[in-house]
Amino acid sequence: MICISTGLFKDIKTTSILKKLSKKGIKNYELSAGNFEKNIQKKILPFSKNNNLFVHNYFPRPKKDFILNLCSSNKIIKKRRFYHVIKGINLSSRLGTNVFSFHAGFLIDPKIHEIGKNFKYKKLRNKKTALKDFIKNVNKLAIYAKKKGVLLLIENNVITKKNLIKFKKNPLLMTDYKDVKKIMGQTLDNVYLLIDVAHLKVSSKTLGFCKIHFLKKCERWIKAYHLSENDGNFDTNDEVKRKSWFWKYLKKNVLYYSLEIKFRNINQIKKQITLTKNILLS
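Residues numbered from 1 in each chain as written. Predicted model: local features only at pLDDT ≥ 70, side-chain atom pairs only at ≥ 80, totals over all residues. Heavy atoms only, no water.

**Here we look at the sheet that holds strand S4 (residues 99-103)**
In sheet architecture, strand pairing relies on hydrogen bonds along the backbone and comes in two forms, parallel and antiparallel.
Item 1. Pairing in this closed barrel of 8 strands is parallel, and the strands run S1-S2-S3-S4-S5-S6-S7-S8 around the ring. Sheet twist, expressed as the average angle between the axes of neighbouring strands with direction ignored, equals 30°.
Item 2. Relative to strand S3 (residues 52-56), strand S2 (residues 28-32) runs parallel, the two sharing 5 bridges. In the sheet register, Tyr 29 faces S3, and the bridge partner there is Leu 53.
Item 3. Against the sheet, helix H4 (residues 127-147) touches S4, strand S5 (151-155) and strand S6 (191-196), its axis set at about 150° to S5. (Pairing = 2+ DSSP bridges. Helix = DSSP H or I, 4+ residues; strand = E, 2+ residues; numbered from the N terminus. Axes fitted to C-alpha atoms, helices over the stretch in contact; angles between N-to-C directions. Contact = heavy atoms within 4.5 Å.)

Okay, structure coming up:
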């Protein structure tokens, strides 16, 4: 199943995106971030009758923004993050797709505007402690998700060279296989991976590991992918190409592939869906 991520449609309401694209025959979506909309859960439920709606990370966007960091030691974030993920799990169950995905944790609490960009310097949490907290929190949520029949997917983070130099060590969890192995080895059986190949491209260049070996070693846990392109330095959400590096290494039996791209128009969306479908089916 090939989905369109709604997270990169700036200044357009998610409900407006669904109305517009569903009229053009696009049926599969990954609901991600977007703008705050009052009563959005009630508004999107009718779309689930004829469309597949997967819930991702910061959706539905809260009225008051915060960083969804499942290993934060910040008291306010600790309280809000569980409420947000529980809402996402419940919504996934109501929509019938039964999957909720979220990012791996951070050793810092960045500001909203820093996500995907350069972080301002902050003191890092001890990684061993943060990793332990992340696993504990994921398992706590996995117990609840299992009761709802929902799978949890953790997305790999992206580390840039500038952020690595600034902090002198990696401020993010799960940018390499070492973290993936630890996390997946200690989480419950309804916890899997969503691999963002664009994040992987940047992280592998920054940290100096083989992105293809990463995909092969993680294969048993992968249930979904985020697809986009970049130059290996930053996560720029460029469109995928026939010559993109990752095609022959993608699993064919996953739940969905999400095109997480900065789309300009509907014609481009349809071309990217067709290209992806043709390559995956070839």
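**Structural notes on the packing of aromatic side chains**
Geometrically, a pair of aromatic rings is defined through the distance of the ring centres and the angle of the planes.
Item 1. Per the counting criterion, the structure on display carries 9 aromatic pairs.
Item 2. An angle of 25° between the planes, with centres 6.4 Å apart, marks the rings of Tyr 177 and Trp 221 as stacked. With a gap of 44 residues between them, Tyr 177 in helix H6 (residues 177-186) and Trp 221 in the loop between helix H8 (211-218) and strand S7 (222-227) connect regions that are remote in the sequence.
Item 3. Given a relative accessible area of 16%, Tyr 177 falls into the buried group. (Phe/Tyr/Trp six-rings, centres within 6.5 Å; stacked < 30°, edge-to-face > 60°. Buried < 20%, exposed > 50% of the residue type's maximum accessible area, 1.4 Å probe, protein only.)

**Side note on the environment of Ile 2**
Item 1. Summarising the element assignment, Ile 2 is placed in strand S1 (residues 2-5).
Item 2. Setting aside its immediate chain neighbours within four residues, Ile 2 contacts Asn 28, Tyr 257, Leu 259, Ile 273, Thr 276, Lys 277 and Leu 280.

**A look at the side chain of Thr 160**
Item 1. Summarising the element assignment, Thr 160 is placed in the loop between S5 and helix H5 (161-167).
Item 2. Its relative accessible area of 7% is what places Thr 160 among the buried residues.
Item 3. Of note is the side chain of Thr 160, whose polar atom sits 3.3 Å from the backbone nitrogen of Asn 163. (Polar contact = N/O pair within 3.5 Å; in protein donor to acceptor, adjacent residues only side chain to side chain.)

**A few points about unusual backbone geometry**
Item 1. In this chain, Phe 59 is followed by Pro 60 through a cis amide linkage whose omega measures -5°.
Item 2. Position of Pro 60 relative to the elements: it lies in the loop between S3 and helix H3 (75-95).
Item 3. The phi dihedral of Asp 11 falls on the positive side, at around 60°, and the residue is not glycine.
Item 4. As for its placement among the helices and strands, Asp 11 is situated in the loop between S1 and helix H1 (14-22).
Item 5. Positive phi is not limited to glycine here, since Lys 168 has a value of about 65°.
Item 6. Tracing the sequence through the fold places Lys 168 in the loop between H5 and H6.
Item 7. Looking at Lys 168, the relative accessible area reads 75%, which means it is exposed.

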